[in-house]
Amino acid sequence: MAYVTEENLTDLVLKRWQDIPDPRLKKVMQSLIKHLHGFVRDIEPTNAEWFTAIDWITRTGKMSDNKRQEVILFSDVMGVSMLVDAINNRLPSGATPTTVEGPFHIADAPEIAHGGNMAKGAPGIPTFVTGTVRGLDGKPIANATLDLWQTDGEGLYESQKGTEEPWMRGIFRSQADGSYVLRTVAPIAYTIPMDGTVGELVAKTNVSHMRPAHIHFAVSAAGYRTVTTHLFQKGDQYIETDVVYGVKEPLITEFKKMPPGKAPNGETLKEPFYVVHYDFVLQQAAKAQAAA
Ligand code: BEZ
Ligand code: FE
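Conventions we followed
- Residues numbered from 1 in each chain as written.
- Chains lettered and ligands numbered in written order.
- Predicted model: local features only at pLDDT ≥ 70, side-chain atom pairs only at ≥ 80, totals over all residues.
- Heavy atoms only, no water.
- Pairing = 2+ DSSP bridges.
- Helix = DSSP H or I, 4+ residues; strand = E, 2+ residues; numbered from the N terminus.
- Near = heavy atom within 4 Å.
- Polar contact = N/O pair within 3.5 Å; in protein donor to acceptor, adjacent residues only side chain to side chain.
- Areas by Shrake-Rupley, 256 points an atom, 1.4 Å probe, with all protein chains shown as cover.
- Nonpolar A, V, L, I, M, F, W, Y, C, P; charged D, E, K, R; others polar.

Things to note about the sheet that holds strand β9 (residues 252-253)
Stage number 1. Strand order across the open sheet formed by five strands is β3-β2-β7-β8-β9, with mixed pairing between neighbours. Looking along the sheet, the strands with just one partner apiece sit at the ends: β3 (169-173) and β9.
Stage number 2. With two bridges joining them, strand β8 (residues 227-233) and β9 adopt parallel strand pairing. Residue pairing across strands places F232 opposite I252, the latter belonging to β9.

Okay, here's the thing in structure tokens:
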């Protein structure tokens, strides 16, 4: 056998790790070894630098559990979460694009009636979101589920606010004509958690740690592929520098400022409010399977 040299080491490791019965695992391991060795050959770390990297990875793992996921946050800020999302959601043009789910979704939000308010008692500018849910063929989809979550007008999600009751989330359903109307408050831009190892890394750079204001949606309907996405507020100063690369052009929506008066759900407001219009377009599940 050939003894190890700096030159032949990558080839030796690749050869040793060829004997893997599962073809997918074999492909993954061969690629991982190539890229890991390529990375190390590229940066030529000192022993002290390599130890610093190992220490950072160790602390990142130790910070991660079912409440806080620093490893996912690292994947997010490296653009890897969005890359995996893109690879797994190659949708036809015209379908509403997906974006990262993020760590703040809580399952089983309360069901709220058509036109209802998911931000009762929350600080922020009243905002009405209206539109339709349709298939790619333009046909309205009745009884689609719109599961929403977002920050309040002070930038806090439920898990950060620490409320007993649901906060800034709700499930709405589209009507027979595919339409939906809901009341909320305008979200604001917020920072990713900066008190962990990812924040430590970001703080050593000039990379923005902000996410532009957005409302999360998971829109699903029987026979259609679920779309997990956000609507972003047009004009937000962080739209072009979203720290997790979640912004796609079709998801940027106008928050139209309206004077006090009648709102889209029939309420009369004494204060100015926003109206956001967005039509969700879903791909049929059978078509999605055939394309895959
Ligand atoms: C979010 O939008 O909630 C989010 C996504 C990725 C990282 C942090 C937050
Ligand atoms: Fe978010």
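As for the site of ligand 1
Stage number 1. F104, Y190, R211, H214 and H216 are the nearest of the 13 residues found near ligand 1.
Stage number 2. A distance of 3.1 Å separates an oxygen atom of ligand 1 from a polar side-chain atom of H214.
Stage number 3. At a separation of 3.0 Å, an oxygen atom of ligand 1 approaches a polar side-chain atom of H216.
Stage number 4. For ligand 1, the protein covers 100% of the area, taking 260 Å² as the surface of the free molecule.
Stage number 5. Elements supplying a minimum of two residues to the shell around ligand 1: α4 (70-77) and β7 (214-220).
Stage number 6. Considered class by class, the residues forming the shell around ligand 1 number seven nonpolar, four polar and two charged.

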